[in-house]
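Take a look at the letters that make up each chain.
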Amino acid sequence: MKRLTSLMLLPLLLVALCGAAAAAPAVEEMGSGELLRRVTAARGKVVIVNFFASWCPPCLEEIPGLINVRARYSEDKVALYGISLDDNPKQLAAFMSRTPFNYPVWKGKEELQRFFNVSSIPQLLVYDRQGKLVANHVGLVEADELGKFVDTLLGGN
């Protein structure tokens with residue numbers, strides 16, 4: 001049987017590397033202007049914005065609850081946006097590929113973090129149906145607590 005030479009292994013290695021790179025697509029960036037446009041466009045809905053990072057333990061604990069909240073409400077009543085403050089785009093892309101997000105997530109541009117005065121994560125902004133900021137919470141939020149708040153903002157619906 002022929003022995004595989006290192007030259008013969010090169011194409012296999014290249015295929016494996018290309019496949020690994022394709023598994024974690026790049027994450028789009030979001031600036032403050034675009035986020036404000038999305039919040040404004042979502043008038044009539046409760047809007048939840050979650051600032052997080054893939055390396056933040058309380059953020060990782062909070063995300064499954066946010067996924068449950070997103071599943072609980074129809075998209076015509078509640079909009080939920082995730083904004084990652086990760087510095088490493090590859091780490092974020094890998095995290096997103098293994099997390100079953102059911103809401104859009106973007107990498108926040110540096111100016112977005114300053115604009116919204118995010119100094120600690122997780123941080124959650126909640127806008128009412130008129131587009132008014134009604135909650136700016138730093139720290140972990142339990143899904144049940146958030147659900148009750150959203151129910152109140154929706155008028156018990």
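The structure presented is a predicted model; accordingly, all values stated were derived computationally and were not measured. (Residues numbered from 1 in each chain as written. Predicted model: local features only at pLDDT ≥ 70, side-chain atom pairs only at ≥ 80, totals over all residues. Heavy atoms only, no water.)

## Focus: the overall build of the chain
Test applied: The helix count covers DSSP runs of H or I at least four residues long, the strand count covers runs of E at least two residues long, and both are numbered beginning at the N terminus. Partly exposed residues are those whose accessible area sits between 20% and 50% of the maximum for their type, while under 20% is buried and over 50% is exposed, using a 1.4 Å probe and protein chains only. The Shrake-Rupley method, run with a 1.4 Å probe sphere, supplies the accessible areas, and residue values consider only the shown protein chains as cover.
Across its full length, the chain holds six helices and six strands. Sequence-ordered secondary structure for the chain, helices as α and strands as β, is α-β-α-β-α-β-α-β-α-β-β-α. Here the chain holds 157 residues, and the buried ones make up 41% of them. With an accessible surface of roughly 9,200 Å², the chain has 57% of that area assigned to carbon and sulfur atoms.

## Quick notes on the pairing of strand β4 (residues 105-108)
Going by this rule: Strand pairing is assigned whenever DSSP detects at least two bridges linking the two strands.
For strand β1 (residues 29-30) and β4, the ladder comprises two bridges, and the chain directions are parallel. The partner of glutamate 29 across the bridge, within β4, is lysine 107.

## A closer look at helix α2 (residues 32-41)
An α-helix turns once per 3.6 residues; consequently, residues spaced three or four apart project the same way. Quick note on the threshold: Regarding the arc, it is the one traced by the directions from the helix axis to the C-beta atoms. Residues count as neighbours in contact if any of their non-hydrogen atoms are within 4.5 Å of one another.
Among the residues of α2, those classed as buried are Ser32, Leu35 and Val39. Axial view of α2: buried residues confined to an arc of 65 degrees, hence all on one face. Summarising the geometry of α2, the exposed residues directed more than 90 degrees from the buried face are Arg37 and Ala41. Summarising the contacts, the buried residues of α2 are in contact with β1, β2 (46-52), β3 (78-84), α5 (110-115) and β5 (123-127).

## So, the environment of asparagine 88
Under the convention used in this document: Here a polar contact is recorded for every N or O atom pair within 3.5 Å, except that within protein the pair must consist of a potential hydrogen donor and a potential acceptor, and residues adjacent in sequence are included only if both atoms are side-chain atoms.
Note that asparagine 88 resides in the loop between β3 and α4 (89-97). Judged by relative accessible area, which is 37%, asparagine 88 ranks as partly exposed. It is 9.7 Å that separates the C-alpha atoms of asparagine 88 and lysine 107, two residues lying 19 residues apart in sequence. At 2.9 Å, the side chain of asparagine 88 forms a polar contact with the backbone nitrogen of lysine 90. From its side chain, asparagine 88 meets the backbone nitrogen of glutamine 91 in a polar contact 3.0 Å long.

## Some points on the state of the cysteines
Heads up, the condition is: Cysteine sulfur atoms that pair up within 2.5 Å are treated as a disulfide.
Using the criterion set out here, one finds one disulfide in the structure. The residue that forms a disulfide with cysteine 56 is cysteine 59, at a sulfur-sulfur distance of 2.5 Å. When the S-S torsion is 75 degrees, as for the bridge of cysteine 56 with cysteine 59, the disulfide is right-handed. Relative accessible area serves as the criterion here: at 0%, cysteine 59 is assigned to the buried category.

## So, the pattern of salt bridges
The line we're drawing: One speaks of a salt bridge when a side-chain nitrogen belonging to Lys or Arg is within 4 Å of a carboxyl oxygen belonging to Asp or Glu.
A full pass over the atoms with the stated rule returns four salt bridges. Arginine 38 is the salt-bridge partner of glutamate 34, the closest N and O atoms lying 3.1 Å from each other. Taken as a pair, glutamate 34 and arginine 38 lie in helix α2 at a separation of four residues, close to a single helical turn. Its relative accessible area of 29% is what places glutamate 34 among the partly exposed residues. Here aspartate 151 ties to arginine 72 by a salt bridge, and the two come within 2.7 Å at their closest N and O atoms. With a gap of 79 residues between them, aspartate 151 in helix α6 (residues 143-153) and arginine 72 in helix α3 (residues 57-72) connect regions that are remote in the sequence. Taken together, the shared-partner salt bridges connect Glu34, Arg37 and Arg38 into one network.

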